[in-house]
Amino acid sequence: MNTHTVEKIGGTSMLDYRAIRDNIFLRGGDSDNLYGRVFVVSAYGGITNRLLEHKKSGRPGVYALFSGSQQDSAWREEFETLREEMHALNAELFGDAADTKRANAFIDERLYSAEACLHNLAKLCDHGHFSLEAHLDTVREMLASLGEAHSAWNTAQLLQRDGVNARFVDLTAWRSEEHLPLDDRIREAMAEIDVSTTMPIVTGYAHSDDGLMASFDRGYSEMTFSRLAVITGASEAVVHKEFHLSSADPKIVGEDNVVPIGRTNYDVADQLANLGMEAIHPKAAKGLRQSGIPLRVKNTFEPEHTGTLITSEYVSSKPCVEIIAGRRGVYALEVFDQEMAGQVGRHDQEILSIIRRYKAGIVSKDMNANTITHYLACNLKTVKRIRREIEALFPSAELDQQRVAIVSAIGSDMQIPGILARTVTALADDTVSVLAMHQSRRQVDMQFVVSESDYERAVVALHRKLVEPIDHGRAICLAS
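Since this is a predicted model, take the numbers as computed values, not measurements.

## Remarks on the environment of Leu-15
Here is step 1 of the chain: One can find Leu-15 in the loop between helix H1 (11–14) and helix H2 (17–25).
Here is step 2 of the chain: Through-space distance from the C-alpha of Leu-15 to that of Ala-43 is 9.1 Å; in sequence the pair is 28 residues apart.
Here is step 3 of the chain: Among residues more than four places away in sequence, those in contact with Leu-15 are Tyr-44, Gly-45 and Leu-89.

The following block contains the structure:
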């Protein structure tokens, strides 16, 4: 039975090499216990934003400028800024001039090659027989691969310098002519590696014949991490982040009022992912869950803490509210149509088809006889495009949109009599108006739609009422 772990390090943590070296790779100086671990690394914080587009603000990176700009100079200037940032990171990480030069040479070979590909593709698509749109998925994959190749190669070199038998494992298929399924690419890369004596440093991006980003977009590294754990039969999957998985955002409710969760299950992890607070992408979690592999979320900067263990079977010893989480900047898109009554299914299917076409994330949804409201995680430009298509398809419909926030109380078992009433009362006592609410039969979360201006007040009110009065010496739990 395998005893190794597969561990993933997030981009923000990757920026602090000394911390991840001492706290994660070297385990606080425990030199007798370094191996038996496979590491999947993300690109350095901010680099993928520069390569693609900013994940939160939408500021265009190289990909967005290349795909949407008519001016060749725009994406080239961004490429040069990207190169300068990568070189600056190399200088900071390596210090030594010779080592920095080697690091720059490695990433420059890929940067110049990628830049030449974009230039040649743009020229080719100037001809009427070739469509740029047909190649954009491949362009996005190629650009994304640069960030993880950069961080993984650097990390392997730095660890070797620090006395660790680390090995760079490149899943990006750079210059490879083989188009393999993801699982086959992982098996091929890991086939000759003895993890008991070698520490593999694996790129978070992995090239596959059907393209990871088409299904997972920016969650591609989590899918690589998950499949690597499943294929190699890991005893545990570990995610290292710059924070604990806690009962709420400490920046909102105060660091003294939150506690790390300790234990929860994959249902809770899925609810968090739906709110954009991913412990792991839901599709990546599916493989771990089906294979019976537990997931541990640890704080990079508190290595002595055991973190949060996520398993399939865990249920709190008493009905609990474990986490108060939420999401701002959600658009409520309401479609009212008198003709919907009696045939709501047709409207529902057509509206969903439009939303999927624009790749808008659906956080929640409610409907009645003549109204369907989707709560969308996307920018205003996308909402307007979706709205125009719905109006054209259903000319008799009345549409309304509003920017709102969603606040959710989440737990592995929340079958507590009267909890919905108590929660609504907690919000009302703090003068938070509830615009809509949802509670599913599965009893793992309750969602409240509130005005965006009420978001922080709602989080504080629910955490104070449902979490803070409880004894934190054990699981966070709410007595009925």
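## Some words on the packing of aromatic side chains
Here is step 1 of the chain: Counted by the stated rule, this structure contains six aromatic pairs.
Here is step 2 of the chain: Taking the centre distance of 4.8 Å and the plane angle of 10° together, the rings of Phe-106 and Trp-153 count as stacked. Linking Phe-106 in helix H6 (residues 97–124) with Trp-153 in helix H7 (residues 136–161), this pair joins segments that are 47 residues apart in sequence. No difference in accessibility class separates Phe-106 from Trp-153, as the two residues are buried.
Here is step 3 of the chain: On the numbers, 5.7 Å between centres and 75° between planes, the contact of Tyr-205 with Tyr-220 is edge-to-face. Placement of Tyr-205 in the loop between strand E4 (199–203) and helix H9 (212–216) and of Tyr-220 in helix H10 (residues 220–232) is noted, with a sequence separation of 15 residues between them. Taken individually, Tyr-205 and Tyr-220 each receive the classification buried, so the pair is uniform in this respect.
Here is step 4 of the chain: Taken together, Phe-66, Trp-75 and Phe-79 form an aromatic cluster joined through their ring pairs.

## Let's talk about the pattern of salt bridges
Here is step 1 of the chain: Per the counting criterion, the structure on display carries 27 salt bridges.
Here is step 2 of the chain: Residue Asp-170 is joined to Arg-110 by a salt bridge in which the shortest nitrogen-to-oxygen separation is 2.6 Å. Residue Asp-170 is found in the loop between strand E3 (166–169) and helix H8 (182–190), and its partner Arg-110 is found in helix H6; the two are separated by 60 residues along the sequence.
Here is step 3 of the chain: A relative accessible area of 6% means that Arg-110 is categorised as buried.
Here is step 4 of the chain: One salt-bridge network, in which partners are shared between bridges, spans Arg-76, Glu-80, Arg-83, Asp-108 and Glu-115.

## Some points on unusual backbone geometry
Peptide bonds are trans in most cases, and residues, glycine excluded, mostly fall at negative phi.
Here is step 1 of the chain: Backbone geometry places Ala-173, a non-glycine residue, at a positive phi of 60°.
Here is step 2 of the chain: Relative to the helices and strands, Ala-173 is located in the loop between E3 and H8.
Here is step 3 of the chain: Owing to a relative accessible area of 16%, Ala-173 belongs among the buried residues under this scheme.

## Digging into a positive patch on the surface
Here is step 1 of the chain: On the surface, Lys-381, Lys-384, Arg-385 and Arg-388 cluster together into a positively charged patch.
Here is step 2 of the chain: Among the structural elements, Lys-381 can be located in helix H15 (residues 380–393).

Procedures and definitions
Just so you know, the residues in each chain are numbered from 1, in the order the chain's sequence is written. Given that this is a predicted model, residues contribute local features only at a pLDDT of at least 70 and side-chain atom pairs are listed and counted only at 80 or more, while totals for whole chains, interfaces and linings are drawn from all residues. Hydrogens and waters are ignored; side-chain quantities use all the structure's heavy atoms. Under the DSSP-based scheme used, a helix requires at least four consecutive residues in state H or I and a strand at least two consecutive residues in state E, with every element numbered from the N terminus. The contact rule is simple, with two residues in contact once any of their heavy atoms fall within 4.5 Å. Any Phe, Tyr or Trp ring, taking Trp's six-membered ring, that has another such ring centre within 6.5 Å forms a pair; planes under 30 degrees apart are called stacked, those over 60 apart edge-to-face, and the others tilted. Only protein chains enter the accessibility calculation, which uses a 1.4 Å probe; a residue whose area is less than 20% of its type maximum is buried, one above 50% is exposed, and one in between is partly exposed. A pair is scored as a salt bridge if a Lys or Arg side-chain nitrogen falls within 4 Å of a carboxyl oxygen belonging to Asp or Glu. Exposure above 30% relative accessible area and the absence of a salt bridge qualify a residue for a patch, where like charges join within 9 Å and nonpolar side chains (Val, Leu, Ile, Met, Phe, Trp, Tyr) within 5 Å. Note on areas: Shrake-Rupley with a 1.4 Å probe; residue coverage comes only from the protein chains shown. Working convention for charge: Lys and Arg count positive, Asp and Glu count negative, and His plus the chain ends are omitted. For the purpose of locating charges, the reference atoms are NZ of Lys, CZ of Arg, CG of Asp and CD of Glu.

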